[in-house]
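Given next are the chains, with one letter for each unit.
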Amino acid sequence: MTAPDWFEAGLPHIWLPYTQMQTASPPLAAVATDGCRIRLADGRELIDGIASWWTACHGYNHPYIRQAAIEQLARMPHVMFGGLVHEPALRLARRLADLLPGDLERVFFTDSGSVAVEVAIKMAIQYWLNRGESRRTRLVAFRGGYHGDTLATMAVCDPEEGMHSLFSGVLATHFIADLPRDDASRAALDALLTTEGENVAAILVEPLVQGAGGMVFHDPATLRRLRTLADRHGILLIFDEIFTGFGRTGTFFACQQAGVVPDIVTLSKALSGGTVPLAATVARRHVHEAFLSDDPLHALMHGPTFMANPLACACANASLDLFEREPRLEQIAAIGAQMRTELEPCRSLPGVRDVRVMGAIGVVELDRIEDMNRLKARLVGQGVWIRPFRTIVYLTPSFTIAPAELAQLTRAIRTVLSDPA
């Protein structure tokens, strides 16, 4: 089938993400989405195994979210959030505060996950500046971590991962440590904070799963150790729940599995149900109170143009309605059980290092991937959309995926990995 005119005319002018444009295979032309399926311009239909980078938690084009978007679009697609507020944002902020644990109650809306983390970093540093402690300008983050691609967030990603290594000379310097998974690593982090704690504003972590760093899991006890260390050394604790929030790990928020409350949490990805860009940085009461002052410079001087976009907030409220009305956590548990059963045979295949599942995340880790373009093409040839990275073939499907659709995804992985030819 001949490529559509818009594809041929526009492709020479587009710059694709995470892509070496000189060597990469051409992208596929998508023309429609529905449920867990992507329709291509050439007539093929692919089952989506990653929910568009984990965003489409209810599947694509959900009629309830679509109707909320249509109604909000007719009423008020956007209005500035400076000096004005609106019902979709205020209702969403109240609902997020009710859903999050403890007194995480002040919501600052942005329009991407990276910016939400930037705001969290800025909040943490200014929290101390407003209290007269000007030395606390550095963060502790963790090897294997990923928090975004903007300058501030690159600085708190794993510097050895490689994706951002070119920028090492221009990034701010923070402390990158091992996660306190056991007594030895906990003692090492405790020693670091004992020595450098007066220079540290916050500890930043992806709770339970380091996503783009390789879908690496850790247990809830690790998060409890971090809360204990943060309290012992008087440091703020930030949870980056952009990937893990809204059910992906099996509970609504990952922090709930540990029974701890971070001082700041970041949210995005599935927040709007995979429709319109939206993110949020949510702070506890004591963090917000540090910004209250007669001094105007103590305010949080940040304001994305499209922050709290009413259309996005309306979609997010509709998404939360679906979580309330439909059995999403039960569906997530069923997805996890099916993936455990159907991915486990991969463990015996040559070149497979590990198979692991948490919530609606399924991972097959390989020793290496020799030809990424070829692997992706072979998966497409099986009728599925799965986007491996580094040495990881993973599934993060929509929570509404049918068992037969999920079985096609897991079968495609088994088929492709069992036949290296």
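Use the structure listed above.
Quick caveat, the model's predicted, so the values are computed rather than measured.

J.: A description of the environment of L311 should follow, citing residues and the corresponding values.
T.: Within the fold, L311 resides in helix α11 (residues 310-325). In the structure, L311 is positioned 44 residues away from V355 in sequence and 39 Å away in space, judged by C-alpha atoms. Once residues lying within four places of it in the same chain are set aside, the contact partners of L311 are A69, Q72, L73, P77 and V276.

J.: Which residues make up the packing of helix α7 (residues 183-196) against helix α8 (residues 220-233), and what are the values?
T.: As a packed pair, α7 and α8 sit with axes 10 Å apart at the nearest point and diverge in direction by 20°. Accordingly, the angle class assigned to the pair α7 and α8 is roughly parallel. In the packing of α7 onto α8, the handedness of the crossing is right-handed. Side by side, α7 and α8 meet where R186, L189, D190, L193 and T194 of the first sit next to R225, L226, L229, R232 and H233 of the second. The residue makeup of the contact of α7 with α8, split by class, is 4 nonpolar, 2 polar and 4 charged.

J.: Account for the nonpolar core, with residues named and values stated.
T.: Counting residues in each nonpolar core, the largest one holds 87 residues, and the members touching the most others are M215 and F246. Other than its neighbours up to four places away in sequence, M215 contacts W54, V209, Q210, F243, R356, I361, V363, F389, I392 and Y394. Judged by nonpolar contacts, the second largest core, of 27 residues, contains L204, V287, A290 and L300.

Reading the values: rules and limits
- Residues numbered from 1 in each chain as written.
- Predicted model: local features only at pLDDT ≥ 70, side-chain atom pairs only at ≥ 80, totals over all residues.
- Heavy atoms only, no water.
- Helix = DSSP H or I, 4+ residues; strand = E, 2+ residues; numbered from the N terminus.
- Contact = heavy atoms within 4.5 Å.
- Axes fitted to C-alpha atoms, helices over the stretch in contact; angles between N-to-C directions.
- Parallel < 35°, antiparallel > 145°, perpendicular 65-115°, else oblique.
- Left-handed = near helix turned anticlockwise from the far one by under 90°.
- Nonpolar A, V, L, I, M, F, W, Y, C, P; charged D, E, K, R; others polar.
- Core = buried A, V, L, I, M, F, W, Y, C linked by side-chain atoms within 4.5 Å.
- Buried < 20%, exposed > 50% of the residue type's maximum accessible area, 1.4 Å probe, protein only.

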